[in-house]
Amino acid sequence: MPIITRGFRGHRSGDDERLPPGQYLTHDFPVLSTGPTPLIPPEEWSFTVTTETGVRHEWSWTDLMTLPAEEVTVDLHCVTRWSKLDTAWRGVSLDVLLEDVETVADYALVHSHGGYTTNLPLEDLLDGQAWVAFEYDGDALTSEHGGPARLLVPHLYLWKSAKWVRGIDLLLEDDPGFWEQLGYHEYGDPWREQRYQGD
Amino acid sequence: MTATYDGNMLAGPLSDVFAVEVTTATACCGGCGRNSTVAELAVYGPGPGLVARCPGCDDVLLRVTRTADSIWLDLAGMASLRLPAAGG
Ligand SMILES: [Zn+2]
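Residues numbered from 1 in each chain as written. Chains lettered and ligands numbered in written order. Predicted model: local features only at pLDDT ≥ 70, side-chain atom pairs only at ≥ 80, totals over all residues. Heavy atoms only, no water.

Moving on, we come to the UniProt feature "domain: Oxidoreductase molybdopterin-binding" (unreviewed entry) in chain A. The residues that UniProt annotates with the feature "domain: Oxidoreductase molybdopterin-binding" (unreviewed entry) are residues 35-179 of chain A. A distance of 13 Å separates the end C-alpha atoms of residues 35-179 of chain A, which is 7% helix and 41% strand. (UniProt positions renumbered as here; feature names shortened; annotations may be inferred. Helix = DSSP H or I, 4+ residues; strand = E, 2+ residues; numbered from the N terminus.)

Next up on the list: the coordination of the zinc ion. All names here are of chain B. For the zinc ion, the protein coordination sphere consists of C29 (SG), C32 (SG), C54 (SG) and C57 (SG), at 2.3 to 2.4 Å. Angles of 103 to 115° at the metal separate the four donor atoms of the zinc ion, which places the site in the tetrahedral class. Every donor residue of the zinc ion comes from the same chain, spaced as C-x2-C-x21-C-x2-C. With a gap of 25 residues between them, C29 in strand β2 (residues 26-29) and C54 in the loop between β5 (50-53) and β6 (60-66) connect regions that are remote in the sequence. (Donors = N, O, S within 2.8 Å, 3.2 Å for Na, K, Ca; no water. Tetrahedral: all angles 85-135°; square planar, octahedral: opposite > 155°, others 65-115°.)

The subject of this paragraph is the side chain of S36(B). Residues and elements named next belong to chain B. Along the polypeptide, S36 turns up in strand β3 (residues 35-37). Of note is the side chain of S36, whose polar atom sits 3.3 Å from the side chain of R34. For S36, the contacting residues outside a window of four places in its chain are A25, T26, A27, L41 and P55. (Polar contact = N/O pair within 3.5 Å; in protein donor to acceptor, adjacent residues only side chain to side chain. Contact = heavy atoms within 4.5 Å.)

On to empty space enclosed by the protein, then. All names here are of chain A. In this structure the tally under the stated criterion is one cavity of 30 Å³ or more. Approximately 280 Å³ is the volume attributed to the largest cavity. Forming the walls of the largest cavity are 20 residues, and the residues nearest its centre are L32, R150, L158, W159 and K163. A class-by-class count of the residues in the lining of the largest cavity yields 13 nonpolar, five polar and two charged. (1 Å grid on protein atoms, 1.4 Å probe; cavity = no way out; pocket = protein on both sides within 12 Å on 5 of 7 lines; lining within 4 Å. Points joined across faces, edges and corners; volume = space filled by probe spheres on them. Nonpolar A, V, L, I, M, F, W, Y, C, P; charged D, E, K, R; others polar.)

Okay, a nonpolar patch on the surface next. A cluster of nonpolar side chains, V17(B), I71(B) and L73(B), forms an exposed patch at the surface whose accessible area comes to about 190 Å². Positionally, I71(B) belongs in strand β7 (residues 71-74). (Patch = residues over 30% accessible without salt bridge, like charges linked within 9 Å, V, L, I, M, F, W, Y side chains within 5 Å. Areas by Shrake-Rupley, 256 points an atom, 1.4 Å probe, with all protein chains shown as cover. Salt bridge = Lys/Arg side-chain N within 4 Å of Asp/Glu carboxyl O.)

Residues and elements named next belong to chain A. The strand order across the open sheet formed by five strands is β3-β2-β11-β6-β7, and the pairing between neighbours is mixed. Only two strands of the sheet have a single partner each, and these edge strands are β3 (56-60) and β7 (117-121). The sheet shows a mean angle of 15° between the axes of neighbouring strands, direction not considered. With five bridges connecting them, strand β2 (residues 46-50) and β3 associate as antiparallel partners. Each bridged residue has a counterpart across the sheet, and for T48 the counterpart in β3 is E58. (Pairing = 2+ DSSP bridges. Axes fitted to C-alpha atoms, helices over the stretch in contact; angles between N-to-C directions.)

Turning next to unusual backbone geometry. Residue and element names in this part refer to chain B. Cis geometry is found at the peptide bond from G45 to P46, where omega equals 15°. Within the element layout of this structure, P46 appears in the loop between β4 (42-44) and β5. A cis amide bond links G47 with the next residue in sequence, P48, at an omega value of -5°. Checked against the element boundaries, P48 lands in the loop between β4 and β5.

With that out of the way, let us pick up the interface of chain B and chain A. Listed per partner, the contact involves 19 residues of chain B and 18 residues of chain A. For the chain B and chain A pair, buried surface summed over both sides reaches about 1600 Å², with 65% attributable to carbon and sulfur atoms. If you look at where chain B meets chain A, you find zero salt bridges. Run the count over chain B and chain A and you get five residue pairs in polar contact (both at pLDDT 80 or more). At the level of secondary structure, the elements contributing two or more residues to the side of chain B that touches chain A comprise β5, β6 and β7 of chain B. Per-element accounting of the side of chain B that touches chain A gives the leading share, five residues, to β6(B). (Buried area = accessible area lost by both parts, 1.4 Å probe.)

Shown next as structure tokens:
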């Protein structure tokens, strides 16, 4: 009787099953910052992908707005242990941005205005797993949450979803980012609780 | 957003690292050359780690994180850190 068995698991809403180990649920949207909030007018924003051979692909804000955007609803998991469920975003998939980029790179190093960086495998940016997001909950993304546009990679801890994103370098070898240099995990899968190096 | 804290909040996290009171130490910025006491630094955080920036140019002077079994400290943005010596 699998259906009845499932009913006896005792989760009121199913939220517990959506919380990775060591996380608690929040309904706020905490702001974590490593420096002053950059204020970037959209007309001065651009996004650059640089391949391992040095070929640059650049999009202005206007270019970004002409690309097909998706609305996605995802759960966020921060390494500082809060999780926020069902957050609604609008953005352009990295599948669209990287479609015509020729590369044999395995790694990506993401750069933000203000100097922040974070690294992840290139394959984690593809196949509907990552977006350059510019709307949150139906409104333009505020600067405190990374506007005008941030990376959104919700299957990894939130420090990988770089705010104020300005570009991605595609690399043949992994290059640790801002927190990855200082003991945080190079991959950061919340479901495997990969908080720190060696987890 | 202005800094979350000033450098006085580094006293606790750095007390496991330095044998002397660190907030009165003088940090020389590797970017602009300004000398600041650690207490004067603009500190952001606390998670995933603490980031202390030069009050003159906003360059990162110090980062500290605490992982399961380690304290990680980065002072690469400083030209020097001058600490008070006992009996000095
Ligand atoms: Zn400076």
